[in-house]
Amino acid sequence: MVNLLLKQFLKAEIEIKRRIMYKKAKDLGFTHPIVVDYSQELDVLLNRYLKQAQAS
């Protein structure tokens, strides 16, 4: 149950982070440091999600 809730939470966080990143990229360009930071944060979330998916 906890794994399911965590996966749902991570999916929501991933979607939010992805939308923000694309908006920033549209405004600033994909190579802007802020966009790169969002991309790296998104990578961390995706890795955590995949780790949870493999554990269940």
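Provided above is the structure to which this section pertains.
Cut-offs and rules
- Within any chain, residue numbers begin from 1 and follow the written order of that chain's sequence.
- pLDDT decides what is reported in this predicted model: residues at 70 or higher carry local features, side-chain atom pairs at 80 or more are listed and counted, and totals for whole chains, interfaces and linings draw on all residues regardless.
- Heavy atoms throughout the structure, all of them, feed into the side-chain values; hydrogens and water do not.
- Each helix is a run of DSSP H or I of at least 4 residues and each strand a run of E of at least 2, with the numbering of both proceeding from the N terminus.
- A side-chain nitrogen of Lys or Arg and a carboxyl oxygen of Asp or Glu constitute a salt bridge if their distance falls within 4 Å.
- Burial classification: accessible surface area is computed with a 1.4 Å probe over protein chains only, and a residue below 20% of its type maximum counts as buried, one above 50% as exposed, and the rest as partly exposed.
- In this analysis an axis means a line fitted to C-alpha atoms, helices contributing only their contacting stretch, and an angle means the value between N-to-C directions, from 0 to 180 degrees.
- In these notes the angle categories are as follows: under 35 degrees is roughly parallel, over 145 is roughly antiparallel, 65 to 115 is roughly perpendicular, and the rest is oblique.
- Each crossing gets its handedness from the near helix: less than a right angle anticlockwise from the far helix is left-handed, clockwise is right-handed.
- Neither His nor the chain ends contribute to the count of charged residues, in which Lys and Arg are positive and Asp and Glu negative.
- Any two residues whose heavy atoms approach within 4.5 Å at even a single point are treated as in contact.

## Section: the environment of Ser 39
Examined against the element boundaries, Ser 39 turns out to sit in helix 2 (residues 33-55). Note: C-alpha distance between Ser 39 and Met 21 (18 residues apart in sequence) is 6.8 Å.

## Concerning the pattern of salt bridges
Taken as a whole and judged by the stated rule, the model has 3 salt bridges. Between Arg 19 and Glu 15 there is a salt bridge; the shortest N-O distance is 2.9 Å. With Arg 19 and Glu 15 both in helix 1 (residues 2-28), this residue pair falls 4 residues apart, about one helical turn. You can call Glu 15 partly exposed: its relative accessible area is 34%. Where Lys 17 meets Glu 41, a salt bridge forms, and the shortest distance between an N and an O atom there is 2.6 Å. Here Lys 17 is found in helix 1, whereas its partner Glu 41 is found in helix 2, with 24 residues between them in sequence.

## Overview of the packing of helix 1 against helix 2
Contact geometry of helix 1 with helix 2 gives a least axis separation of 9 Å together with a crossing angle of 160°. The orientation of helix 1 with respect to helix 2, classified from their angle, is roughly antiparallel. In this structure, helix 1 crosses over helix 2, and the sense of that crossing is left-handed.

## So, the side chain of Lys 7
Relative to the helices and strands, Lys 7 resides in helix 1. The side chain of Lys 7 sits in the buried core without any salt bridge; Glu 15 is the nearest counter-charge, 16 Å away. Other than its neighbours up to four places away in sequence, Lys 7 contacts Tyr 49, Gln 52, Ala 53 and Ser 56.

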